[in-house]
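Read off the chains here:
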Amino acid sequence: MPKRQTSALHAHDHRASTLGESLTPPLYLTSSFRFGNYHEGTEVARGEHPGYVYTRSGNPTTDAASQVVSVWEGAEASLVLASGMAAISASLLSLARPGDEVLMSPVQYGGTYAVRHGLGDAYGLKFRFADMTNLDEVAAALTAATRVVLVETIANPGMVVPPVDRLGQMCRDRGIALIVDNTFATGYLYQPLADGATLVVNSATKYMNGHGDTLAGTVSGTAAAVAPVKALVSQMGSIASPFAAYMLWRGLATLPLRMGAHSRHGMVVAEGLADMAPYARVIYPGLESHPQHQWVREHFDAGQAGGMMALELADDVSPEAFMDSLELFSRAVSLGDATSLVEQPGSLTHRSLTADELGAAGIHPHLIRLSVGLENPDDLLQDLRQALLSARRAN
Ligand SMILES: Cc1ncc(COP(=O)(O)O)c(C=O)c1O
């Protein structure tokens, strides 16, 4: 009879099959997987027998979340990583070699912009920039050394929407990989892989998880395109924890309901602010006034445009007073949560950009980013109106 010190550690010993079938994916909060015998272990490790060895290279909970991500992105394979930045860095490094050029937009998430120095300098990558909505400018910026073009479906924070289908064609014709960051749209609104993207990445921290309580990133594509990313991720150790993957799986269950509501609320807010034009101009892809609205109508599911928008405050509206007067929008970075968020990109998410880069991205102190949440949209509209009114008066 083993001593209690031993029994306590082995009390949970069981084979999962004896416990009945869990309705939801079990949370495999384990670093390693136990083998029944010597042969099973060596066969699983060699890939000759299905199973898992070590969570850094594979875990059933993480795989359960990856499978749902693949459904939404229309992908053969997906990975769930530690964060959106882990997804972007691993994707870039899986495709580009020292000396290669990467073409990006001047309008994109500040953390992705920062890669031009950190990863770029460390790995000998060169970064060029072009307005991704201007295909002549894109074509002129591509060189024999260009290996990757990286765009955001709806670019952060200026809400610029590049024609991914035409960029996909251009990249395919030249043997260049196209990475699309689908964070603002998610595969629910738009599937870049169907329009020629090589890899799609998401900060699943945002809409995919949707509750603001988890950091995660995803990479999706063909099995052949995702395999080298998986190998790199295993080496860099940037896989998601099983707990984060579980939270993502749970959030994804309501993705269509949430994205539908974010899109409806976004439209109510954007249209409702039309008569506040002397106070603020709304930049939202769901509005006809948006330069790429027609493309969005034709390519996004039911023309829905999500919950992200930018406000360009009039000169006599104080950004500080506007943000401080809001009662329902929390002053916070990130986006895609159930609750509404407001931030000033120039001082927060994009603060690492130089003055010239901020200018090229159209970021100035009066540009404010809104993440429209799941509260009643009329309440949100009223909150924005009162804040605009009091910010002008306060000036
Ligand atoms: C468009 C976009 N891509 C990537 C990221 C990075 O994601 P994470 O914070 O999960 O690393 C962000 C973060 O705000 C983002 O807005």
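Residues numbered from 1 in each chain as written. Predicted model: local features only at pLDDT ≥ 70, side-chain atom pairs only at ≥ 80, totals over all residues.

Caption draft 1: Highlighting the sheet that holds strand S6 (residues 199-203). Overall, mixed pairing links the seven strands, which are arranged S1-S7-S6-S5-S4-S2-S3 in an open sheet. In the strand order of this sheet, the two ends are held by strand S1 (77-81) and strand S3 (126-129), each with one partner. On average, adjacent strands in this sheet sit at an angle of 20° to one another, irrespective of strand direction. Bridge count for S6 against strand S7 (residues 217-221) is five bridges, and the pairing is antiparallel. Bridge pairing in S7 places Leu 199 opposite Gly 221. (Pairing = 2+ DSSP bridges. Helix = DSSP H or I, 4+ residues; strand = E, 2+ residues; numbered from the N terminus. Axes fitted to C-alpha atoms, helices over the stretch in contact; angles between N-to-C directions.)

Caption draft 2: How the structure looks around the site of the ligand. The immediate surroundings of the ligand are formed by 14 residues, with Ser 83, Gly 84, Met 85, Ser 203 and Thr 205 found nearest. Those elements that provide at least two residues to the shell around the ligand are helix H4 (84-95) and helix H5 (110-114). Taken together, the residues that form the shell around the ligand break down as three nonpolar, nine polar and two charged. (Near = placed C-beta within 6 Å. Nonpolar A, V, L, I, M, F, W, Y, C, P; charged D, E, K, R; others polar.)

Caption draft 3: Layout of the environment of Ala 391. Along the chain, the position of Ala 391 falls in helix H16 (residues 377-393). Considering only alpha carbons, one finds Ala 391 and Leu 326, 65 residues apart in sequence, at a separation of 9.9 Å.

Caption draft 4: Main features of unusual backbone geometry. Look at the link from Asn 156 to Pro 157: it is a cis peptide, with omega at 5°. If you trace the backbone, Pro 157 turns up in the loop between strand S4 (146-152) and helix H8 (164-174). Here Thr 186, not a glycine, exhibits a phi torsion of approximately 65°, which is positive. Given 29 C-beta atoms within a 10 Å radius, Thr 186 is considered buried. (Buried ≥ 20, exposed ≤ 12 C-beta atoms within 10 Å, placed from the backbone.)

Caption draft 5: Quick peek at the nonpolar core. Ranked by internal contacts, the top residues of the largest apolar core, which has 112 residues, are Leu 81, Val 148, Leu 248 and Met 309. Among the domains, domain 1 (38-252) and domain 2 (255-393) are the pair contributing at least three residues each to this core. In this structure Leu 248 touches Ala 65, Val 80, Ala 204, Met 208, Asn 209, Thr 214 and Ala 216, once residues within four positions along its chain are discounted. (Core = buried A, V, L, I, M, F, W, Y, C linked by C-beta atoms within 7 Å. Domains from an automatic or database assignment. Contact = placed C-beta atoms within 7 Å.)

Caption draft 6: Focus on the packing of helix H3 (residues 60-73) against helix H11 (residues 242-252). With their axes 8 Å apart at the nearest point, H3 and H11 run at an angle of 35° to one another. As for how H3 packs across H11, the hand of that crossing is left-handed. Between H3 and H11, the residues in contact are Thr 61, Thr 62, Ala 64, Ala 65 and Val 68 and Pro 242, Ala 245, Tyr 246, Leu 248, Trp 249 and Leu 252, respectively. (Left-handed = near helix turned anticlockwise from the far one by under 90°.)

Caption draft 7: Up close: the domain arrangement of the protein chain. Segmentation of the protein chain into domains returns domain 1 (38-252) and domain 2 (255-393). Computed over C-alpha atoms, the centres of domain 1 and domain 2 are 26 Å apart. Listed as interface residues are 29 residues of domain 1 and, on the opposing side, 36 residues of domain 2. Counting residues per element, the ones that place at least two in the side of domain 1 that touches domain 2 are H5 and helix H9 (186-189). Tallied by class, the residues present in the side of domain 1 that touches domain 2 amount to 19 nonpolar, eight polar and two charged.

Caption draft 8: The packing of H4 against helix H10 (residues 223-236), seen in detail. Where H4 contacts H10, the two axes come as close as 9 Å, and the packing angle between them is 120°. Compared by their axis directions, H4 and H10 come out oblique. Handedness of the H4/H10 crossing: right-handed. The residues of H10 that touch H4, namely those facing Ala 90, Ser 91, Leu 93 and Ser 94, are Pro 228, Val 229, Leu 232, Val 233 and Met 236. (Parallel < 35°, antiparallel > 145°, perpendicular 65-115°, else oblique.)

Caption draft 9: How the structure looks around the environment of Ala 144. Topologically, Ala 144 is positioned in the loop between helix H7 (135-141) and S4. Each C-alpha atom, one on Ala 144 and one on Glu 48, is 41 Å from the other, the two residues being 96 residues apart in sequence.

Caption draft 10: Quick look at the sheet that holds strand S8 (residues 280-283). If you trace the five strands from one edge of the open sheet to the other, you get S8-S9-S12-S11-S10, paired in mixed fashion. The sheet is open, and its two borders are formed by S8 and strand S10 (330-331), each paired with just one other strand.

Caption draft 11: Examining the environment of Met 267 more closely. Relative to the helices and strands, Met 267 resides in helix H12 (residues 255-272). C-beta crowding within 10 Å serves as the criterion here: with 21 such atoms nearby, Met 267 is assigned to the buried category. Separated by 115 residues in sequence, Met 267 and Glu 152 have C-alpha atoms that sit 21 Å apart.

Caption draft 12: Geometry of H10. Across its 14 residues, H10 extends 20 Å between first and last C-alpha, which sits within 8% of the 20 Å expected from 1.5 Å per residue. Residues Ala 225, Val 226, Val 229, Lys 230 and Val 233 constitute the buried set of H10. Projection of H10 onto a plane perpendicular to its axis shows the buried side chains occupying an angular sector of 130°, all on one side. H10 presents Ala 224 and Gln 235 as exposed residues on the side facing more than 90 degrees away from its buried surface. (Expected span 1.5 Å × (residues − 1). Arc of directions from axis to C-beta.)

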